[in-house]
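# Architecture at a glance
Next come the chains, spelled out residue by residue.
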Amino acid sequence: MVNATINGKSVMVAEGTTILDAAEKVGIRIPKLCYNDDLPAWAACGICVVKVEKNPKMLRACCTPVEEGMRIITHDPEIVAVRKTVIELILSTHPDDCLQCPRNGSCELQTLAAEFGIREQPFEKRLRDLPTDCSTGSLILNPEKCIRCGRCVNVCQNMQNVWAIEFLGRGESTRIAPAADVRLADGPCIKCGQCSAHCPVGAIYENDQTAQVWDALMKTGEDDLTCVVQIAPAVRVALGEEFGQEPGTVLTKQIYAALRRLGFDVVFDTNFSADLTIIEEGTEFVRRFAHNEGPLPLITSCCPAWVDYMQKYYADMIPNFSTAKSPQQMMGAMIKTYWAEKAKVDPKKIFSVSVMPCTAKKCENNRNKDMWSSGYKDVDVTLTTRELARMIKQAGVDLLAMPDEEPDSPLGPYTGAGTIFGATGGVMEAALRTAYNLVTKEDLKDVNFTGVRGISGIKEARIHIKGTEIRVAVAHQIGNIAQVLDEVRKARDAGKETPWHFIEVMACRGGCVGGGGQPYGATDDVRQKRIAGLYQDDEKSPYRCSHQNPFIQGVYKEFLGEPNGHKAHELLHTHYEKQELYTT
């Protein structure tokens, strides 16, 4: 431990603690712009400068460790003037169209400018005429708004290990751009959206498709559409943050009500199709594990950003990938086939919307021909959690005052296993709950598999089913994936037994709760609160295993037949192909 004083306050912190973190311990907030809790500090912006007694230079608090006896000043007139000048310099190369910016009201630069009372521009305006990149369909890259803080590069290269974004040029000409200066869609980008989730300004953001949804909701007469919506597990524990609620607040039933107020005719829940995914994926695992009907390990396929990464970086493992579609796509197919038939609605008149925590889901609904398994586009539009929040506010709907309402049947009711899909380890836990039943024909007395929970980057567990050991691994945050897959590849190439039988992968830290389309400002504390909300929902559910869902049982009895059967494969399964890192 080391002792220091900050603005006259004594503080004792662990060796290696930065001045920025030490100041927070005594209630002092040092402004910052390039720093983010998820990333290593690299002192790009210079806004967090402080003074240390007997040091002639101002030091950057984000990367300077506290030393024994340090006497630190974080705020005085000179420091404030320097910080204000830095902000003014950044603004001199930043557009002034705040009212049209997607980050208006949540922009970190805008907040700092307001806090420092900046009302004039003392420096000459020097804007760069750089084109906007809309090529991915999921993300918009507007380099003219980039403040060169480097967060997106840091996230993409070090946190995600994708390397789709980099610095190009030098000095005043430095800019953030897709790797090799190609279009974002033509490089390694997997559309995970972590760059947009960490960008402090409006330089990278989701492709807003709310206008398409409003247009569909307002059609009348001969053009009238039946608008059907589904909400993902992670949305219910994060949407409230946009309305002043604590992360992890479960608002499922209020969200159902709000969606109906927006004009949706039918409200379903992706948790139902998560249950459906478990039946298909669990059956697939049991067939591979118990009957040798395919290579092990089986690797989950619910995350479209991970699917994209696998096809680009680990295409040799396509045989290990579960062919089960994601819950979003399974629901889309079921809406335009099973439900359309039951409700006597022409599928071509159905407008199917999904609300997801993920920007990659916007591309998934166009991934290949399997996403038209109903004969139509299975999911017409995907909105992020942030987009739904904007629609609710635009409509003047008071989300927190909404009454509790239920989802529509038969594609709405879900089990606890479906809701934990939104957390890292949740897909694995849900699958194991049902795999046990598929193998033994019995239900677990204790359905909690705590060994796969938590936000450690890689988790391993050994599960015993009637004396048979199943080795599983869970990895989240793409940068952690290579370690797991390289071990699998090494064992395979050496002709040795696989280290794991079943692997869950999610692209974003914490799983879907930390997705690229969730409310801004996610930290590990926020992610853990969201995860806790999902497990709270799980524990309150009358059924906690997917195979126990009576509506799932009904779907197979009335429509699908056997799990992994012919009809299920036509509607609920997909295929994968090797993708090149660069396509130009």
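Described in the following lines is the structure provided in the data block.

What counts, and where the lines are drawn
Residues numbered from 1 in each chain as written. Predicted model: local features only at pLDDT ≥ 70, side-chain atom pairs only at ≥ 80, totals over all residues. Heavy atoms only, no water. Helix = DSSP H or I, 4+ residues; strand = E, 2+ residues; numbered from the N terminus. Rg over C-alpha atoms; globule rule 2.2 N^0.38 Å. Buried < 20%, exposed > 50% of the residue type's maximum accessible area, 1.4 Å probe, protein only. Contact = heavy atoms within 4.5 Å. Areas by Shrake-Rupley, 256 points an atom, 1.4 Å probe, with all protein chains shown as cover. Lys, Arg positive; Asp, Glu negative; His and termini not counted. Charge placed at Lys NZ, Arg CZ, Asp CG, Glu CD. Expected span 1.5 Å × (residues − 1). Salt bridge = Lys/Arg side-chain N within 4 Å of Asp/Glu carboxyl O. Pairing = 2+ DSSP bridges. Axes fitted to C-alpha atoms, helices over the stretch in contact; angles between N-to-C directions. Left-handed = near helix turned anticlockwise from the far one by under 90°. Nonpolar A, V, L, I, M, F, W, Y, C, P; charged D, E, K, R; others polar. Right-handed = clockwise from strand over helix to strand, strands pointing away. Core = buried A, V, L, I, M, F, W, Y, C linked by side-chain atoms within 4.5 Å.

The next point concerns the overall build of the protein chain. Of the regular secondary structure elements, the protein chain holds 18 helices and 17 strands. A compact globule built from 584 residues would reach a C-alpha radius of gyration of about 25 Å, and the protein chain, at 25 Å, matches this within 12%. Each principal axis of the C-alpha atoms in the protein chain carries an extent, and together these give about 75 × 60 × 50 Å. Out of the 584 residues belonging to the protein chain, those deemed buried represent 61%. Look at the contacts in the protein chain between residues 6 or more apart in sequence, and 73% of them connect residues 24 or more apart. Total accessible area computed for the protein chain in this model is approximately 23,300 Å², and 50% of it derives from carbon and sulfur atoms. The distance from the centre of the 66 positive side-chain charges to the centre of the 75 negative ones in the protein chain is 2 Å.

All right, on to helix 14 (residues 426-440) then. Note: α-helices contain 3.6 residues per turn, so residues at a spacing of three or four share the same orientation. Compared with an ideal rise of 1.5 Å per residue, which puts 15 residues at 21 Å, helix 14 spans 21 Å between its outermost C-alpha atoms and is within 8% of the ideal. Lys 441 lies just past helix 14 and shows a positive phi near 65°.

Further remarks concern the pattern of salt bridges. Counted under the stated rule, the structure contains 47 salt bridges. Here Lys 125 ties to Asp 96 by a salt bridge, and the two come within 2.9 Å at their closest N and O atoms. Residue Lys 125 is located in the loop between helix 3 (108-115) and strand 6 (139-141), and its partner Asp 96 is located in the loop between helix 2 (77-91) and helix 3; the two are separated by 29 residues in the primary sequence. Residue class for Asp 96 comes out exposed when judged on its relative accessible area of 52%.

The next thing to look at is unusual backbone geometry. The general pattern is negative phi for most residues beyond glycine and trans for most peptide bonds. For the peptide bond that leads from Leu 296 to Pro 297, omega is 5°, which places it in the cis range. Here Pro 297 lies in the loop between helix 8 (270-291) and strand 12 (298-299). Each neighbour pair has its own omega, and for Ser 409 with Pro 410 the value is 5°, a cis peptide bond. Positionally, Pro 410 belongs in the loop between helix 12 (385-394) and helix 13 (416-419). Phi angles above zero are rare outside glycine, and Asn 564 is one such case at about 65°. Along the polypeptide, Asn 564 turns up in the loop between helix 17 (550-560) and helix 18 (566-572). Looking at Asn 564, the relative accessible area reads 9%, which means it is buried.

Next up on the list: the environment of Ile 72. Relative to the helices and strands, Ile 72 resides in strand 5 (residues 70-73). Residue classification places Ile 72 among the buried residues on the basis of a relative accessible area of 2%. Between the alpha carbons of Ile 72 and Ile 19 there is a distance of 8.3 Å; along the sequence they are 53 residues apart. Once you skip the residues sitting within four places of it in the chain, Ile 72 turns out to touch Thr 5, Ile 6, Asn 7, Ile 19, Val 50, Lys 51 and Val 52.

What follows concerns the sheet that holds strand 2 (residues 9-13). If you trace the 5 strands from one edge of the open sheet to the other, you get 2-1-5-3-4, paired in mixed fashion. Each having just a single partner strand, strand 2 and strand 4 (59-60) make up the two edges of the open sheet. Pairing of strand 3 (residues 49-52) with strand 5 involves 2 bridges; the strand directions are antiparallel. From the neighbouring strand, Val 52 faces strand 5, where its bridge partner is Ile 72.

Across the sheet, 4 strands lie side by side as 11-10-13-14; this open sheet has parallel pairing. Since the sheet does not close on itself, it has two edges, and those belong to strand 11 (266-269) and strand 14 (381-384), each with one partner. Strand-to-strand twist across the sheet, computed as the mean angle between neighbouring axes with direction ignored, equals 25°. By the bridge criterion, 6 bridges tie strand 10 (residues 226-231) to strand 13 (residues 350-356) in an arrangement that is parallel. Bridge assignment links Gln 230 to a residue of strand 13, and that residue is Ser 354. Sheet contacts for helix 10 (residues 327-343): strand 10, strand 11, strand 13 and strand 14; angle to strand 13, the most-contacted strand, approximately 155°.

So, about the packing of helix 8 against helix 14. For the pair helix 8 and helix 14, interaxial distance at closest approach is 9 Å and the crossing angle is 60°. The chirality of how helix 8 crosses helix 14 is right-handed. Contact with helix 8, carried on its side by Ile 278, Ile 279, Glu 281, Gly 282, Thr 283 and Val 286, involves Val 427, Ala 430, Ala 431, Thr 434, Ala 435, Leu 438 and Val 439 of helix 14 and no other residues of that element. In terms of residue class, the contact of helix 8 with helix 14 is built from 9 nonpolar, 3 polar and 1 charged.

A few words on the pairing of strand 16 (residues 468-476). For strand 16, the buried fraction is high: 7 of the 9 residues fall into the buried class. Looking at chain direction, strand 15 (residues 458-465) and strand 16 are connected through 8 bridges and run antiparallel. Note on strand 16: the bridge partner recorded for Arg 462 is Arg 471. The turn joining strand 15 and strand 16, which pair antiparallel and follow one another in sequence, is formed by 2 residues; a positive phi near 50° is taken by Lys 466. For the handedness criterion, the β-α-β arrangement of strand 16, helix 15 (residues 481-493) and strand 17 (residues 502-506) is classed as right-handed.

This part covers the nonpolar core. One finds Ile 87, Leu 109, Ile 165 and Trp 306 to be the most contacted residues of the largest nonpolar core, which totals 61 residues. Leave out the neighbours within four places in its chain, and Trp 306 touches Ile 299, Thr 300, Phe 321, Ile 478, Ile 481, Leu 485, Val 505 and Ala 507.

The next subject is the environment of Glu 406. Among the structural elements, Glu 406 can be located in the loop between helix 12 and helix 13. A residue is classified by how much of its surface remains accessible, and Glu 406, at 48% relative accessible area, is partly exposed. With 239 residues separating them along the chain, Glu 406 and Phe 167 place their C-alpha atoms 49 Å apart. Among residues more than four places away in sequence, those in contact with Glu 406 are Lys 253, Tyr 256 and Arg 260.

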